[in-house]
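Fold and geometry: a report
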Amino acid sequence: MAEALEVSKLINDQLENLMNELNCDRVWIAQFHNGGNFYPTGKSIQKFSIFYEVTKIGISSVSHTFNNIPTSLYPHAFNHMLNDEQNGIFIPDFRDKNVKTYGLKGAADSVGTKSSYVIPMFTLDEKFVGSLG
């Protein structure tokens, strides 16, 4: 347990540094995981959860909201990040009707997010494992 807590502290410290450097309200890391199996095929249900999150004082956490979420709910966002990993997704203002939101507007509205930048995360052997937002 001590080792896991130390790793979490290191990650949270880096996220706090990034949040301060970017002067944003929240930084998180979401990771893909197996969320059970479909009945009756037995195939894995692909889900994602926010595993790490830091927020400024007075900003509510969203990690409890984005926990065990099926990836099938955000196909446009995940496909874009998988195929255009160089750029990620930048949405300067979710209220601007001329900005492409990749199906993320509903989620943003539900937690009060005004703008977002989501960067895909890949392993060294190029497997898409999550995102930094």
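Note that the structure is a prediction, hence the values are computed from the model and not measured.

This part is about the sheet that holds strand 3 (residues 69-70). Reading across from one edge, 3-2-1-6-5-4 is the order of the 6 strands in this open sheet, with antiparallel pairing throughout. Single-partner strands in this sheet number two, and they are strand 3 and strand 4 (89-91). Bridging between strand 5 (residues 116-122) and strand 6 (residues 128-132) involves 4 bridges; their strand directions are antiparallel. Across the sheet, the residue bridging to P120 is S131, located in strand 6. The strands touched by helix 1 (residues 2-22) are strand 1 (26-37), strand 2 (44-55) and strand 6; relative to strand 2, the strand with the most contacts, the crossing angle is about 65 degrees.

All right, on to a nonpolar patch on the surface then. On the surface, F90, Y117 and I119 cluster together into a nonpolar patch covering about 300 Å² of accessible area. Secondary-structure assignment places Y117 in strand 5.

It is worth spelling out the nonpolar core at this point. Within the largest apolar cluster, 20 residues are counted, with the highest numbers of intra-cluster contacts made by F48, F66, Y74, I89 and L104. Residue contributions to this core peak at 3 residues, all from helix 2 (residues 75-83). Excluding residues within four positions of it along the chain, F48 makes contact with A30, Q31, F32, H33, F66, N67, N68, I69, P70, T71, Y74 and F78. Core analysis: the second largest hydrophobic core is formed by 7 residues, L15, V27, Y52 and L132 among them.

Among the secondary structure elements, D93 is positioned in the loop between strand 4 and helix 3 (105-111). Classification of D93 by relative accessible area gives partly exposed; the value is 24%. With 26 residues separating them in the primary sequence, D93 and N67 have C-alpha atoms 24 Å apart.

Right, let's get into the pattern of salt bridges. Throughout the structure, instances matching the rule amount to 5 salt bridges. Among the ionic pairs, R95 bridges to D93, the shortest N-O distance being 3.1 Å. In this structure, the salt-bridge partner of K127 is D125, at a minimum N-O distance of 3.7 Å. Residue classification places K127 among the exposed residues on the basis of a relative accessible area of 52%.

The rules we used
Residues numbered from 1 in each chain as written. Predicted model: local features only at pLDDT ≥ 70, side-chain atom pairs only at ≥ 80, totals over all residues. Heavy atoms only, no water. Pairing = 2+ DSSP bridges. Helix = DSSP H or I, 4+ residues; strand = E, 2+ residues; numbered from the N terminus. Contact = heavy atoms within 4.5 Å. Axes fitted to C-alpha atoms, helices over the stretch in contact; angles between N-to-C directions. Patch = residues over 30% accessible without salt bridge, like charges linked within 9 Å, V, L, I, M, F, W, Y side chains within 5 Å. Areas by Shrake-Rupley, 256 points an atom, 1.4 Å probe, with all protein chains shown as cover. Salt bridge = Lys/Arg side-chain N within 4 Å of Asp/Glu carboxyl O. Core = buried A, V, L, I, M, F, W, Y, C linked by side-chain atoms within 4.5 Å. Buried < 20%, exposed > 50% of the residue type's maximum accessible area, 1.4 Å probe, protein only.

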